Amino acid sequence: MLLAAAVILSGCTEQRLFAVRAVAAAVPSLAPFFEEDGSLGTDETKLRPEQAHSGLQQGNTPGLYGGTQKPKVCDVDRLKDFLTDPRNRQKAREWARIVGIEPDRIEGYIDDLTPVLLRHDTLVKNHDYKKGKAVAFDALLEAGIAVLVNDQGLPAVKCSCGNPLQSFDKDPEKISVKFEDGNKKWDGYEKSDVVTVKPAPEPLERIALIDVDNPDQGINRPVGSTGENDEPFDATKQHAVPRVAGMTFDQASQRLSELGLAAAFSGGLPPGDAAVTGSDPGPGTELRFGEAVTLSVADDGEEPGTPPKPDPSDGPATDDDPTSDDPTSDGPTTDGPTTDEPTTSGPTTDDPSSSDPTTDDPDTGSPTSGEPTADRPTTGEPTTIEPTTAVPTTPTTSSTPPTVEPTSAEPTSAEPTSAEPTRSEPVTSEPASSAPGSSGAPASGESAVGAA
């Protein structure tokens, strides 16, 4: 029984694996869309697969693809002529259906694609053409195969045969690669280095390639061009890792890509809005073009842009990354204003209980405060009768400048204290309402509230 259970479990495990057909460079397909005679595109057969820093890579990863100065790696014009030829109308319909466009948009669609060479063994969904229909199959394309990629860096067409390609949509950890039909296992193949490409966070304007004939040189190729507008650059030049803590994953990936660095991550591809909490190596580390920076992201539920422990910033990183300064600059501004100047005005306008002499700068007691509430405690001379009831008289004398403190104290104790007892209660109960009697006090209070 145990043996039978083991066999059953073994069979179930095998059933979970997805069959993937190996496609070697320069090996013709059995049922291609376009006759694979070398006239449409040629593969680079001497290119060994690069060791992958991550099984999932985004289409904007610098150095993900290679380029060459050799002409006609992909003959884009010939592909357009073939698919727009009335004799190939059915093939064109199926081709357009897989790509997701109308047949009359084929030429414009192809014009937006860019020819590159794979530098990694890459998983895709390939398509044969059989009996008038496009037939999908999962494929592993060998490094060195020429493909056309779209503006998100995704392989879209296999150049040598014109087969349309789509993204691999299964678990790359559960594949079983089949080497058959002349596609023998190639040198350098390692299952652990197989790559799946995911869309770039934003549409690309140019693709940063490694020159496969000179790896120390890079090629900036504008999207939709075939090499005529290439701009070479020094691929050995090093770039400082920017501070990425506080960015979203997409923002950090994009920032690294702009500097020629690759974004790596452990496990599955994080959500684009996941908050980045750090990087390895850290900010300021010098890396050459195409080298990887592993990003760590916050746990689910944390807000993007507010990581619990931001990276320590280095000089070069803070200059390159204005967005990463925001979280640090916001912190002080939220704490500072509540403890500085707004506290002097806040109590007089928002909280009646705060009109006690102890809250309105009792130690200052200077006439410069200009507040009726500030005069009450300061006029508390021994000769004054009932300092608290003398407060109502302050509004009547508030028309006089509060700077004449001695004169305002004596008259109030002599005449008006007994004259208006009824007005004393409203004023003491609502110090904010007594302020309107003074033309200066409310203005200062309101401006402070606005600042807070």
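Residues numbered from 1 in each chain as written. Predicted model: local features only at pLDDT ≥ 70, side-chain atom pairs only at ≥ 80, totals over all residues. Heavy atoms only, no water.

1. Overview of the pattern of salt bridges
Pairing of side chains with opposite charge becomes possible as their charged atoms draw close. Overall, the coordinates contain 14 salt bridges when judged by the stated rule. Across the salt bridge formed by K158 and E36, the nearest N and O atoms sit 3.3 Å from each other. In this pair, K158 sits in strand β8 (residues 155–158) while E36 sits in the loop between β1 (18–23) and β2 (56–58), placing the two residues 122 residues apart along the sequence. Taken together, the shared-partner salt bridges in this structure form one network comprising K125, D138, D169 and K170. (Salt bridge = Lys/Arg side-chain N within 4 Å of Asp/Glu carboxyl O. Helix = DSSP H or I, 4+ residues; strand = E, 2+ residues; numbered from the N terminus.)

2. Quick word on the environment of E173
Looking at where E173 falls in the secondary structure, it is placed in the loop between β9 (166–167) and β10 (175–178). Put simply, E173 and S192 are 19 residues apart on the chain and 8.9 Å apart in space, counted from C-alpha to C-alpha.

3. Considerations on the side chain of D211
Examined against the element boundaries, D211 turns out to sit in strand β12 (residues 206–211). Buried and unpaired, D211 has R221 as its nearest opposite-charge partner, separated by 8.2 Å. A polar contact is formed between the side chain of D211 and the backbone nitrogen of D213, at a distance of 2.9 Å. Here D211 is in contact with G67, T68, Q69, Q217, G218 and I219, once residues within four sequence places are set aside. (Buried < 20%, exposed > 50% of the residue type's maximum accessible area, 1.4 Å probe, protein only. Lys, Arg positive; Asp, Glu negative; His and termini not counted. Polar contact = N/O pair within 3.5 Å; in protein donor to acceptor, adjacent residues only side chain to side chain. Contact = heavy atoms within 4.5 Å.)

4. Quick look at empty space enclosed by the protein
Under the criterion given, the structure shown has 5 cavities of 30 Å³ or more. Roughly 120 Å³ of internal volume is contained in the largest cavity. Of all the secondary-structure elements, those providing two or more residues to the lining of the largest cavity are β1 and β5 (122–130). Broken down by element, the lining of the largest cavity gets its largest block of residues, 3 residues, from β1. (1 Å grid on protein atoms, 1.4 Å probe; cavity = no way out; pocket = protein on both sides within 12 Å on 5 of 7 lines; lining within 4 Å. Points joined across faces, edges and corners; volume = space filled by probe spheres on them.)

5. Things to note about the state of the cysteines
For the coordinates displayed, the defined rule picks out 1 disulfide. Disulfide partner of C74: C159, at an S-S distance of 1.6 Å. The chirality of the disulfide connecting C74 with C159 is right-handed, given an S-S dihedral of about 80°. Highlighted residues: C74 in the loop between β3 (65–67) and α2 (76–84) and C159 in the loop between β8 and β9, separated in sequence by 85 residues. Judged on exposure class, the residue C74 and its partner C159 are both buried. The structure places no disulfide on C161, whose sulfur is separated from the nearest cysteine sulfur, that of C159, by 8.9 Å. Of the residues examined, C161 reaches a relative accessible area of 0% and is grouped as buried. (Disulfide = S-S within 2.5 Å.)

6. Examining the packing of aromatic side chains
For the structure shown, the criterion picks out 8 aromatic pairs. With a centroid separation of 5.0 Å and an interplanar angle of 70°, the aromatic rings of F233 and F289 are classed as edge-to-face. Taken together, the residues F233 in strand β14 (residues 231–234) and F289 in the loop between β18 (286–288) and β19 (292–297) connect sequence positions 56 residues apart. For F289, a relative accessible area of 9% gives the class buried. Members of the aromatic cluster, joined through ring pairs, are F179, W186 and Y189. One cation-aromatic arrangement involves R21 over F137; the distance from NZ or CZ to the ring centre is 3.7 Å. Looking at K170, its charged tip hangs above the ring of F18, at a distance of 5.9 Å from the centre. (Phe/Tyr/Trp six-rings, centres within 6.5 Å; stacked < 30°, edge-to-face > 60°. Lys NZ or Arg CZ within 6 Å of the ring centre and 35° of its normal.)

7. Regarding the pairing of β12
Pairing analysis gives 2 bridges linking β3 to β12, with the strands arranged parallel. Within β12, the position partnered with G67 by the bridge is D211. Bridge count for β12 against strand β13 (residues 217–222) is 5 bridges, and the pairing is antiparallel. Within the sheet, the bridge partner assigned to L209 lies in β13 and is I219. (Pairing = 2+ DSSP bridges.)

8. Quick notes on the sheet that holds strand β4 (residues 114–118)
Pairing within the open sheet is mixed, and its 7 strands lie in the order β8-β7-β4-β3-β12-β13-β14. Every interior strand has two partners, whereas the edge strands, β8 and β14, have only one. Strand-to-strand twist of the sheet, defined as the mean angle between neighbouring strand axes without regard to direction, takes the value 50°. Relative to β8, strand β7 (residues 146–149) runs antiparallel, the two being bridged by 3 bridges. Pairing of L148 across the sheet is with V157, part of β8. (Axes fitted to C-alpha atoms, helices over the stretch in contact; angles between N-to-C directions.)

9. What about the sheet that holds strand β16 (residues 262–264)?
Here we have 3 strands laid out as an open sheet, ordered β16-β19-β17, and mixed in their pairing. Of all the strands in the sheet, just β16 and β17 (276–280) have a single pairing partner and so form its edges. On average, each strand axis in the sheet is inclined to that of its neighbour by 35°, with strand direction left out of account. Where β16 meets β19, 3 bridges bridge the pair, whose relative direction is parallel. Bridge pairing links A263 to V293 in β19. Helix α5 (residues 249–258) contacts β16, β17 and β19 of the sheet and is inclined by roughly 165° relative to β19.

10. Some remarks on α2
Within α2, burial applies to V76, L79, K80, F82 and L83. Buried residues along α2 cover an arc of 165° about the axis, so they all sit on one side. Looking at the buried side of α2, the elements it contacts are α3 (89–99), α4 (106–111), β7 and β8. (Arc of directions from axis to C-beta.)

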